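Observations on the model geometry
As a plain string of letters, each chain reads:
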Amino acid sequence: MTHAVQTVILGLLIGGVYALLAAGLTLVFGVMNIVNVAQGALLVLAALLTFELWRRFGLDPIAAVVVTTPVMFALGWVIYRLFVARIRTAPVSMTVLLMFALAITIEGVMGLTWKNVFRSVTPSYGNQSFHLGPLFFPKAQVYGCVTAVVVLGALYLLLTRTWTGRAIRAASENLQGSELVGVNIRGVAALTFAIGVATTGAGGSVLSVLYAVFPASHYLWISRLLGIVVLGGMGSVPGALAGALILGVAEALTATYVSTRWAVVVFYVVILAVLLVRPQGLAGSKLREDVAG
Amino acid sequence: MARGRSKAVAALAALVVLVGAACSGNGDGGDAGGGQSSKPIVIGASLPLTGDFSQPGGAAKRGYEVWAELVNERGGVTGRQVKLTVLDDASSQDTVVSDYNRLITRDKVDLLLGTFSSLLNLPASAVAERNRMLYVEPAGGAPALFERKFKYLFFAQQATAPHQADVFVDWIKGLPADQRPKTAAYPTQDDPFTTPVIETMQKALEQAGVKTVYSTVYPPETSNFDTIANSIKARNPDLVAQGAVFEDGVGMVRSLIKVGFSPKTLFQTSAPSNSDEYSKGVGEANTEGVFYTVSWSAEADYPLNKEFVERYRKKFNKAPEEDAADAFAAAQVLQRAVEAAGGIDQDRMADWLHANQVDTILGPLRWDATGAPQSDFLLAQWQSGKSEIILPKDVATADSAVTPKPDWKG
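Everything numeric in this text was worked out from a predicted model, so none of it was measured.

Re the overall build of chain A
Helices and strands together make up the secondary structure of chain A, namely 13 helices and 2 strands. Whereas a compact globule of 293 residues would reach a radius of gyration of roughly 19 Å, chain A reaches 19 Å, a difference of no more than 12%. Counting only C-alpha atoms, chain A reaches 60 × 45 × 35 Å along its principal axes. Counting across all 293 residues of chain A, residues that qualify as buried make up 54%. Counted over contacts in chain A with a minimum sequence separation of 6, partners at least 24 positions apart contribute 78%.

Written out as structure tokens, the structure reads:
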């Protein structure tokens, strides 16, 4: 029994981290209708930046969030201005191609800078756990989850309590309507994209402690994140949270009770199942074009 | 006028072709004469210098280069200097095939050396076999390579993948009954080099009476080992033997520490041999007592090993990797074959290697009819932050093994 409870706890803790990683992807899709397949590469980039800060200056990876977040925000802004803005009106498939090209470019640059070897940040608490009776809570996962809650909370407040957030949500619901009432659509789009990329700052920093990363591991991460976002409903931040927790637990249970071979397949099975049974995901609403289609 | 000139050009061209053919004919004749020529021996190889295997590929190239340098300083092979032609196969099976075809048919190299990894050696060795050229490879111990019963293929390490841990199994069997593990867990990565090691070990230990309480084959993408470590803890085995490539070995140790489970004996395949990266990854204090098998050690007192280590350090300003040493040993095997055959005769060299033993920096190597090596790996263990050789006894650097493994230091 303890074993089963422990397995669920490990799954939930990892799920919390997954939610952090997936938040930016779903936000950018919801507002801009862009599937940012470069999100995984940006995540790995942030993880490697964290690694560099830790190696050079001994900066704690969780504390590094305050450095990596603004850096990734700025990078997101530049990427939007340089590339994404130019094809805003092009079909979705074009933006996917663009983001994929970007992902491969980032992978190449990372390979040149950090070489194709596994890197991970190993602070002293990386191997430690909190204990509660017979149960244990790995410290790094707990800190990762706390970071996730803080970042997701901040994101939620930003979207619901500020004018900027209302403008972002308005733009996601009705582009022309929000422009009519005076929302600066181009500014909002750039801001949304940059915020979406900025979440990889915190995500990457947490990732660097929990997982060993190398440049090509972004393929693994983007497929996991797509699984989460598809399950939660493309564009829904609370949906992504639910999807991440469900998949975290499903992965842990599968690894323990079925087979470790099947654990990594869980994400892909979920993508297929959701698309067949409930294409809008858990929390996603049907779009007008879906109904028309 | 125009016609006359073109005739002259044609005649000239014909002359050039004829002279060229005559010259190359002479050259060939000289070579066939049995190493009397002063022309350098050209040795071709294709290595994964970029792509997935770029790290070991680069190390192998450096190993070949150090060998060539040392050999040339000592007067070459059968009196001829050696020259390396190394191409980059980008870790691709297609490219490695075209590379070896090119080396044989276009560059017309005298000798071949193998590439890195079972994945690449599998197709590359088939090219060599078709062209009846000796193919000594430094790293590719998957059983599939030897099931084809090639005549010209030789693997220049001590044992194929399934037998890499035999020396550890023997060590376990040699323990007094009360110290021998009763139960064991076998997590292994789904990898052609680790899975056979663990499968063979599991079978051998089960026959010796060690009960299997947990086994799993996890995919290479697995990057979080908390759930596996949690399952192992629930079974409480005396021995944990992991088929670990590298980062999964570090990940498993870190997860075992997190779940608070320290087995009495811990064995991992390749991961702990990456000395600096491994001890940094798991924390130096946590390396104490971890067992692994390895093809080469810088400390082993085999002929030329010291010279290899010193020259490598001087040339590349870092400690040699195991992959570099394996490449050096492969070149040593090739060199010995040329010397024994008294020149470059691919058949005579292959026959000689099938029947004889070669001393290398990995220790003495010998082969069966399929080119599979018939010796034992070194059994090594981390002790006080250093890796020490436990077996074989004649090159051991530690008097005894640390057992049981002490608790994690956190």
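Considerations on the overall build of chain B
A tally of regular secondary structure across chain B gives 13 helices and 14 strands. Principal-axis analysis of the C-alpha atoms gives chain B an extent of 95 × 45 × 40 Å. For chain B, buried positions account for 50% of its 410 residues. Pairs at least 24 apart in sequence give 70% of the contacts found in chain B among residues at least 6 apart.

So, the domain arrangement of chain B
All names here are of chain B. By the assigned domains, chain B splits into domain 1 (2-22 + 30-158 + 302-365) and domain 2 (163-294 + 377-395). The straight-line distance from the C-alpha centre of domain 1 to that of domain 2 is 35 Å. By residue class, the composition of the side of domain 1 that touches domain 2 is 3 nonpolar, 3 polar and 1 charged.

Quick word on helix α12 (residues 322-341) of chain B
The end-to-end C-alpha distance of α12 of chain B is 29 Å, a good match for the 28 Å that 20 residues give at a rise of 1.5 Å each. Burial runs high along α12 of chain B: 18 of the 20 residues are buried.

Some points on the nonpolar core
A general trend in soluble globular proteins is that nonpolar side chains are found buried together. Counting residues in hydrophobic clusters, the biggest one holds 217 residues, and the most contacted among them are A19 and A22 of chain A. Here this core takes 17 residues from helix α1 (residues 2-32) of chain A, the largest share from any one element. Residues from two domains meet in this core; each of domain 1 (2-22 + 30-158 + 302-365) and domain 2 (163-294 + 377-395) of chain B gives at least three. The residues touching A22 of chain A, leaving out its near neighbours within four places in the chain, are L225, I228, V229, A240 and A244 of chain A.

What about the interface of chain A and chain B?
At the junction of the two partners, chain A supplies 26 residues and chain B supplies 28 residues. Of all the secondary-structure elements, those providing two or more residues to the side of chain A that touches chain B are α1, β2 (135-138), α10 (237-258) and α11 (260-263) of chain A. Looking at side-chain class alone, the side of chain A that touches chain B contains 13 nonpolar, 12 polar and 1 charged residues.

Examining the packing of α1 of chain A against α10 of chain A
Residues and elements named next belong to chain A. For the pair α1 and α10, interaxial distance at closest approach is 6 Å and the crossing angle is 140°. You can see that α1 and α10 cross each other, and the crossing is right-handed. Of the residues assigned to the contact of α1 with α10, the class counts are 18 nonpolar, 6 polar and 1 charged.

Concerning the pairing of strand β14 (residues 386-391) of chain B
Sheet topology places strand β13 (residues 378-383) of chain B next to β14 of chain B; 5 bridges connect them, and they run antiparallel. Within β14 of chain B, the position partnered with A380 of chain B by the bridge is I389 of chain B.

Things to note about the environment of A4 of chain A
Within the fold, A4 of chain A resides in helix α1. Distance in space between the C-alpha atoms of A4 of chain A and T256 of chain A is 8.7 Å, their sequence separation being 252 residues.

Things to note about the sheet that holds strand β2 (residues 82-88) of chain B
Residues and elements named next belong to chain B. One open sheet holds the 5 strands; their spatial order is β2-β1-β3-β4-β5, and the pairing between them is parallel. Looking at the sheet topology across the chains shown, the edges are occupied by β2 and β5 (153-155). If you compare each strand with its neighbour and ignore which way they point, the axes differ by 25° on average. Pairing of strand β1 (residues 41-47) with β2, which is carried by 7 bridges, proceeds in the parallel orientation. Among the inter-strand pairings, S46 is bridged to a residue of β2, identified as L87. With respect to the sheet, helix α4 (residues 118-130) is in contact with β1, β3 (111-113), β4 (135-137) and β5, its orientation differing from that of β4 by roughly 160°.

Conventions adopted
- Numbers given for residues are sequential positions, taken from 1 along each chain in its written order.
- Going through the entries in the order they are written, you letter the chains from A and number the ligands from 1.
- Per-residue local features are limited, in this predicted model, to residues with pLDDT of at least 70; the limit for side-chain atom pairs, both in listing and counting, is 80 or more; totals at the level of whole chains, interfaces and linings are taken over all residues.
- Under the scheme used here, helices are H or I runs from DSSP no shorter than 4 residues and strands are E runs no shorter than 2 residues, and both carry numbers assigned from the N terminus.
- It is over C-alpha atoms that the radius of gyration is taken, and the globule rule equals 2.2 Å times the number of residues to the power 0.38.
- Exposed residues have 12 or fewer other C-beta atoms within 10 Å of their own C-beta, buried residues have 20 or more, and partly exposed residues fall in between, where C-beta atoms are placed from the backbone.
- The contact criterion used here is simple: two residues whose C-beta atoms, placed from the backbone, lie within 7 Å are in contact.
- Segmentation into domains, and thus their bounds, comes from an automatic or database assignment.
- Throughout this entry, Asp, Glu, Lys and Arg are counted as charged residues, while Ala, Val, Leu, Ile, Met, Phe, Trp, Tyr, Cys and Pro are counted as nonpolar. The remaining residues, Gly among them, count as polar.
- One fewer than the residue count of a helix, multiplied by 1.5 Å, yields its expected span.
- Nonpolar core, as used here: buried Ala, Val, Leu, Ile, Met, Phe, Trp, Tyr and Cys residues forming one set through C-beta atoms within 7 Å.
- Interaxial angle, 0 to 180 degrees, is taken between N-to-C directions of lines fitted to C-alpha atoms, where a helix line uses only the stretch in contact.
- Definitions for this section: a left-handed crossing has its near helix turned counterclockwise from the far helix by less than a right angle. A right-handed crossing has that turn clockwise.
- Note: two strands are recorded as paired if DSSP finds a minimum of 2 bridges between them.

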